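A closer look at the structure
Spelled out, the chains give:
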Amino acid sequence: MTNDTSVEGELRTANLAAETRLALLTALLDAISVGVILINRELVVAQWNKEATRLTGIPADSVLGQPASVLGEAIAQRVEDFPFVRAHLQEAFGATAISEFPITILEPRREIDVTVSPAVLPTDGAHVGSVIVLHDSTAVRELERAKDELIGMVSHELRTPLASLVGFTELMLERTFSEEQQKQYLATMLKEGRRLTHLINDFLELQGLEGGYKKLDLGPAELSTVIGRAIATVGSDALTQIEVDLPDDLPLVMADTSAILQVLLNLLSNARRYSPEGGPIKVSARVIDDVVEVSIQDHGLGMPPEAIPKLFNKFFRVESPDRRQISGTGLGLAISRRIIEVHGGRVGAESAGLGQGSRFYFSLRVVPADATSGDVLLVEDDVGFARLLEAELAVTGLSSVWAPDAETADRLIGQMTPRAVVLDLMLPGASGEDFLARLRGAKGVVLPVVVVTIEELEATETLALRTSGVLAVLKKHSGAAKEAALFVSQALAMQERR
């Protein structure tokens, strides 16, 4: 009886140890990022981890404990070229060496590298099963294809203008042409040189955005001002007049105004280029929850539905006879998409079809309340200098809010209660002097103002600023930010003592 009890205890201990090892093995297999399938010597599926289910779409409970032939039946409808896969598996199960081959899962489409390794006993080398490892190579293959495609497209786009430049240069060196012909050839060379420059600049900018090398400086921005600046830049055109429909209460958005100006210029230019027959271009905006959506609608060539998902890819262009003479680098929309994504927004396009016009849109986040709270309002279009001012003020214990133009500063004055202002005079749009006049006239607001400018002011201009209550007028140089912060901190300290 005692012996039976002892044997039973040892058996329970052995079973527990086996179960523990199995549980640990299962946990280990489920934790790794490759699919693992164990086939025993009887060709039965003995182990199947979670990643194998994710990659193949086959639930573990439908194949565990089943013959390997059941696995073949389960995967037959899920892979491309099943006879190829079956032949490789049959050969691999009987092989004594590692076997490798690719398979393609159809839905969702995945490219998988399969490795089948024989499991052998270390004592006598007896074959006791096989280990199948599934490695998802979809992303790597797509990246390789994208890289090859990109290199091919860049090479083609670079070769075309280079061929013209080299060809015309050789002609002009080897032969004598009339002055009129020389001017014609030089004009062509200049056009191709500019095209090449634009292509290289756009490509480098996109790579900088995608690689994180180019940083955007986000701050509160008055969107209607940026839209107005973009419209003024593209200019007027009788065939494609630009109409603006913006709500009066459009909120401030978080944006890098230079980058958003670039997006708007690209979309407006595209709307003009792809509207050869003319028609109005409408710029509108609306607030949706906590974002502002900007829309550019044209009545031009439109797009087929299948082209829309690819519009923002590098170098993609809709193929149609009426677009062949329309120039462009094919990178503008890709750059625009990346800029908006860095802003935390989304970009898209829609069209009812060819000849039905297009609508491009993007969204920007509304400025949160904490972004309009600070001791000092910085009105400065030079991002680098603004950030330097911000850092120097922080050293003195003062927080700040940055406005890249006078129009944004006007809006911020109404939303925050700054204790002082640091002001640049040369601003895009309204000048610093205009902002200062409005500030002084707004409900008798009297704030310490420090002017920092690159302008060479006449003595009378400096006197006029000081007479209007400006605390100090500083020339913008390497130490100007520190001086401005010192003037502001001293003025606020004096106010507190009073």
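Further up the page is the structure itself.
Residues numbered from 1 in each chain as written. Predicted model: local features only at pLDDT ≥ 70, side-chain atom pairs only at ≥ 80, totals over all residues. Heavy atoms only, no water.

Next up on the list: the overall build of the chain. The secondary structure content of the chain amounts to 14 helices and 17 strands. A buried classification covers 40% of the 498 residues belonging to the chain. Sequence separation of at least 24 residues holds for 61% of the intrachain contacts in the chain that already meet a minimum separation of 6. (Helix = DSSP H or I, 4+ residues; strand = E, 2+ residues; numbered from the N terminus. Buried < 20%, exposed > 50% of the residue type's maximum accessible area, 1.4 Å probe, protein only. Contact = heavy atoms within 4.5 Å.)

Quick look at the sheet that holds strand β15 (residues 420-423) now. Pairing is parallel in the open sheet, where five strands are placed in the order β14-β13-β15-β16-β17. At either margin of the open sheet sits one strand with a lone partner, and together these are β14 (400-403) and β17 (470-475). The average undirected angle you get between the axes of adjacent strands in this sheet is 15°. Across four bridges, the pairing between strand β13 (residues 376-379) and β15 is parallel. By the bridge assignment for β15, Leu378 is matched with Val422. Along the sheet, helix α12 (residues 432-441) makes contact with β13, β15, β16 (449-453) and β17, crossing β15 at roughly 165°. (Pairing = 2+ DSSP bridges. Axes fitted to C-alpha atoms, helices over the stretch in contact; angles between N-to-C directions.)

What follows is about the environment of Tyr361. Mapped onto the elements, Tyr361 comes out in strand β12 (residues 359-365). Residues Tyr361 and Ala349, twelve residues apart in the sequence, show an inter-C-alpha distance of 6.2 Å. Sequence-distant contacts of Tyr361, defined by excluding residues within four places in its chain, comprise Glu293, Val294, Ser295, Arg346, Val347, Gly348, Ala349 and Glu350.

For the rest of this paragraph, the subject is a negative patch on the surface. Residues Glu433, Asp434, Glu458 and Glu461 make up a contiguous surface patch of negative charge. Locating Glu433 in the fold gives a position in helix α12. (Patch = residues over 30% accessible without salt bridge, like charges linked within 9 Å, V, L, I, M, F, W, Y side chains within 5 Å. Areas by Shrake-Rupley, 256 points an atom, 1.4 Å probe, with all protein chains shown as cover. Salt bridge = Lys/Arg side-chain N within 4 Å of Asp/Glu carboxyl O. Lys, Arg positive; Asp, Glu negative; His and termini not counted. Charge placed at Lys NZ, Arg CZ, Asp CG, Glu CD.)

In terms of nonpolar packing, the biggest core is built from 42 residues, with Leu223, Ile260, Leu264, Ile296 and Phe362 touching the most fellow members. Each residue touching Leu264, except ones within four places of it in the same chain, is listed here: Val226, Ile227, Ala230, Val294, Ile296 and Phe362. Counting 25 residues, the second largest nonpolar core, distinct from the first, contains Ile37, Val45, Ala76 and Leu134. (Core = buried A, V, L, I, M, F, W, Y, C linked by side-chain atoms within 4.5 Å.)

Take helix α9 (residues 332-342) next. Turning to α9, its buried residues are Gly332, Leu333, Ala334, Ile335, Ser336, Ile339 and Ile340. Note on α9: the residue one or two positions beyond its end, Gly344, has a positive phi of about 85°.

With burial as the criterion, each face of β14 is covered, one bearing Ser400 and Trp402 and the other bearing Val401 and Ala403. Inspection of the sheet shows β13 paired to β14 by four bridges, in the parallel sense. The residue bridging Val376 from the neighbouring strand is Ser400, located in β14. Read from β13 through helix α10 (residues 383-395) to β14, the crossover connection turns out right-handed. (Right-handed = clockwise from strand over helix to strand, strands pointing away.)

Turning to the pattern of salt bridges, a few remarks are in order. Where charged atoms from two side chains of opposite charge approach closely, those side chains can pair. Counting across every chain of the model gives 20 salt bridges. The partner of Glu51 in a salt bridge is Arg54, and the shortest N-O contact between them spans 2.8 Å. Note that Glu51 and Arg54 are positioned in helix α2 (residues 50-56) at a spacing of three residues, about one turn of the helix. Where Glu179 meets Lys183, a salt bridge forms, and the shortest distance between an N and an O atom there is 3.8 Å. On the criterion of helical spacing, the pair formed by Glu179 and Lys183 is a turn pair, its members being four residues apart in helix α6 (residues 179-211). Lys183 carries the same exposure label as Glu179, and that label is exposed.

Once that is clear, we can look at the packing of aromatic side chains. The tally for this structure, following the rule as stated, stands at three aromatic pairs. Here Phe168 and Tyr185 contribute two aromatic rings whose centre-to-centre distance is 5.0 Å and whose plane-to-plane angle is 35°, an arrangement assigned as tilted. Of this pair, Phe168 sits in helix α5 (residues 138-174) while Tyr185 sits in helix α6, placing them 17 residues apart in sequence. Accessibility expressed as a relative area gives 16% for Tyr185, which makes it buried. For the ring pair Phe312 and Phe360, a centre distance of 6.2 Å and an interplane angle of 75° mean the geometry is edge-to-face. One end of the pair, Phe312, is in the loop between β10 (291-297) and α9; the other, Phe360, is in strand β12, and 48 residues separate them in sequence. What makes Phe360 buried here is its relative accessible area of 12%. Here the aromatic residues Phe168, Phe177 and Tyr185 are joined through ring pairs into a cluster of three or more. (Phe/Tyr/Trp six-rings, centres within 6.5 Å; stacked < 30°, edge-to-face > 60°.)

Turning our eyes to something else, we now look at the sheet that holds strand β11 (residues 347-350). Taking strand neighbours across the sheet as the criterion, the five strands line up as β7-β9-β10-β12-β11 in an open arrangement whose pairing is mixed. Every interior strand has two partners, whereas the edge strands, β7 (242-245) and β11, have only one. Neighbour to neighbour, the strand axes of the sheet diverge by 20° on average, direction disregarded. As paired strands, strand β9 (residues 281-288) and β10 are joined by seven bridges and run antiparallel to one another. Bridge pairing in β10 places Arg286 opposite Glu293. Along the sheet face, α9 touches β11 and β12 and points at about 25° away from the line of β12.

Purely spatial values, then, with no claim about function.
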